[in-house]
Amino acid sequence: AQRVTQPEKLLSVFKGAPVELKCNYSYSGSPELFWYVQYSRQRLQLLLRHISRESIKGFTADLNKGETSFHLKKPFAQEEDSAMYYCALSGGSNYKLTFGKGTLLTVNP
Amino acid sequence: DAGITQSPRHKVTETGTPVTLRCHQTENHRYMYWYRQDPGHGLRLIHYSYGVKDTDKGEVSDGYSVSRSKTEDFLLTLESATSSQTSVYFCAIEDVNSYEQYFGPGTRLTVT
């Protein structure tokens, strides 16, 4: 069974501070991992996926297979980063995504 | 917004009444999904479809049914709504080449 754990429901930082949103997963094969973001009252949108190794809006995430983690990081948080962040995993050929419960990030001025 | 819409956007209904939510896409994607979003639970998969008339259950399918008679439409039906089904419902489509899912704007359903 595949599982995604986001241990922090809430995370509050000040503008300009580094931020790290944690994500751990459980999956026996080689997963595809994603971070989705939901700004207030908007639809979910893909922030980044591990396979593309991109940096979007200053965020990066590295897949650590040894620790089964995919933490999202940004060196200098901005107020507009305040949102709900979901880590998600896709495994196998069924194309289904399993989401974590989300972390609400608040960036204070 | 990836050509995916949902209707209605808001609905208030009474316990025991049937409710149908519609998801419409213009992208011709094969895979479509229905999720519910609840505080403390994140997004949970209700049902999904991998083609016309091909559907399967997700992790929280009890009390819900779906139908897909056309590629572009995926309907979610609550046969007899209960208060526990008060939630925000999101539809999503998937690009099978990238595994990326695109989400609709959501439907806020309140069952009184």
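Attention here is on the structure that accompanies the text.

A few points about the sheet that holds strand 8 (residues 72-74) of chain A
Residues and elements named next belong to chain A. A sheet is described by the order of its strands in space; here 3 strands give the open sequence 3-8-7, paired in antiparallel fashion. Edge positions in the open sheet fall to strand 3 (19-21) and strand 7 (60-61), since each of these has one partner strand only. Pairing geometry for strand 3 and strand 8, over 3 bridges, is antiparallel. Counterpart to Leu21 in the pairing with strand 8 is Leu72.

Remarks on the pairing of strand 5 (residues 32-38) of chain A
Residue and element names in this part refer to chain A. In terms of burial, strand 5 is a largely internal element, 7 of the 7 residues being buried. With burial as the criterion, each face of strand 5 is covered, one bearing Glu32, Phe34, Tyr36 and Gln38 and the other bearing Leu33, Trp35 and Val37. With antiparallel pairing between neighbouring strands as the criterion, strand 5 and strand 6 (residues 45-49) make up a hairpin whose turn holds 6 residues, including Arg41 at a positive phi of roughly 60°.

Some details on the nonpolar core
If you look at the biggest cluster of nonpolar residues, it comprises 24 residues, and the most contacted ones within it are Trp35, Leu72 and Tyr85 of chain A. Elements with a contribution of two residues or more to this core: strand 2 (10-14), strand 3, strand 5, strand 6, strand 9 (83-90) and strand 11 (103-108) of chain A. Examining the composition of this core, we find that 4 residues originate from one element, strand 9 of chain A, more than from any other. Once residues within four sequence positions are removed from consideration, Tyr85 of chain A is found in contact with Gln6, Leu21, Trp35, Tyr36, Val37, Leu47, Phe59, Leu72, Gly102, Thr103 and Leu105 of chain A. Core analysis: the next-biggest nonpolar cluster, separate from the first, contains 19 residues, Val19, Met32, Trp34 and Val66 of chain B among them.

Structural notes on the sheet that holds strand 1 (residues 4-7) of chain B
Residue and element names in this part refer to chain B. Across the sheet, 4 strands lie side by side as 1-3-8-7; this open sheet has antiparallel pairing. The outermost strands of the open sheet, each flanked by one partner alone, are strand 1 and strand 7 (64-70). Recorded for the sheet is a direction-independent mean angle of 20° between the axes of neighbouring strands. Relative to strand 8 (residues 73-78), strand 7 runs antiparallel, the two sharing 5 bridges. Each bridged residue has a counterpart across the sheet, and for Ser67 the counterpart in strand 8 is Leu75.

Let's talk about the pairing of strand 8 of chain B
All names here are of chain B. Across the 6 residues of strand 8, 5 count as buried, placing the element largely inside the fold. Pairing geometry for strand 3 (residues 19-25) and strand 8, over 6 bridges, is antiparallel. In the strand pairing of strand 8, His24 is matched with Asp73. Here strand 7 hands over to strand 8 after 2 residues, the two strands then running antiparallel side by side.

Considering the interface of chain B and chain A
Each side of the interface is counted separately: chain B has 24 residues, and chain A has 18 residues. When chain B packs against chain A, close to 1900 Å² is buried across both sides, 57% of that on carbon and sulfur atoms. Interface area lost by chain B to chain A is led by Leu43, Tyr99 and Phe103 of chain B, which between them contribute 30%. Here chain B and chain A share 1 salt bridge between them.

Quick look at unusual backbone geometry
Of note, the bond from Ser7 of chain B into Pro8 of chain B is cis; its omega dihedral lies within 30 degrees of zero at -10°. Tracing the backbone through its elements, the reader meets Pro8 of chain B in the loop between strand 1 and strand 2 (10-13). The phi torsion at Thr68 of chain A lies on the positive side, around 45°, for a residue other than glycine. Looking at the secondary structure, you find Thr68 of chain A in the loop between strand 7 and strand 8. According to the relative accessible area criterion, Thr68 of chain A is partly exposed, its value standing at 28%.

Rules behind the numbers
- Residues numbered from 1 in each chain as written.
- Chains lettered and ligands numbered in written order.
- Predicted model: local features only at pLDDT ≥ 70, side-chain atom pairs only at ≥ 80, totals over all residues.
- Heavy atoms only, no water.
- Pairing = 2+ DSSP bridges.
- Helix = DSSP H or I, 4+ residues; strand = E, 2+ residues; numbered from the N terminus.
- Buried < 20%, exposed > 50% of the residue type's maximum accessible area, 1.4 Å probe, protein only.
- Core = buried A, V, L, I, M, F, W, Y, C linked by side-chain atoms within 4.5 Å.
- Contact = heavy atoms within 4.5 Å.
- Axes fitted to C-alpha atoms, helices over the stretch in contact; angles between N-to-C directions.
- Buried area = accessible area lost by both parts, 1.4 Å probe.
- Salt bridge = Lys/Arg side-chain N within 4 Å of Asp/Glu carboxyl O.

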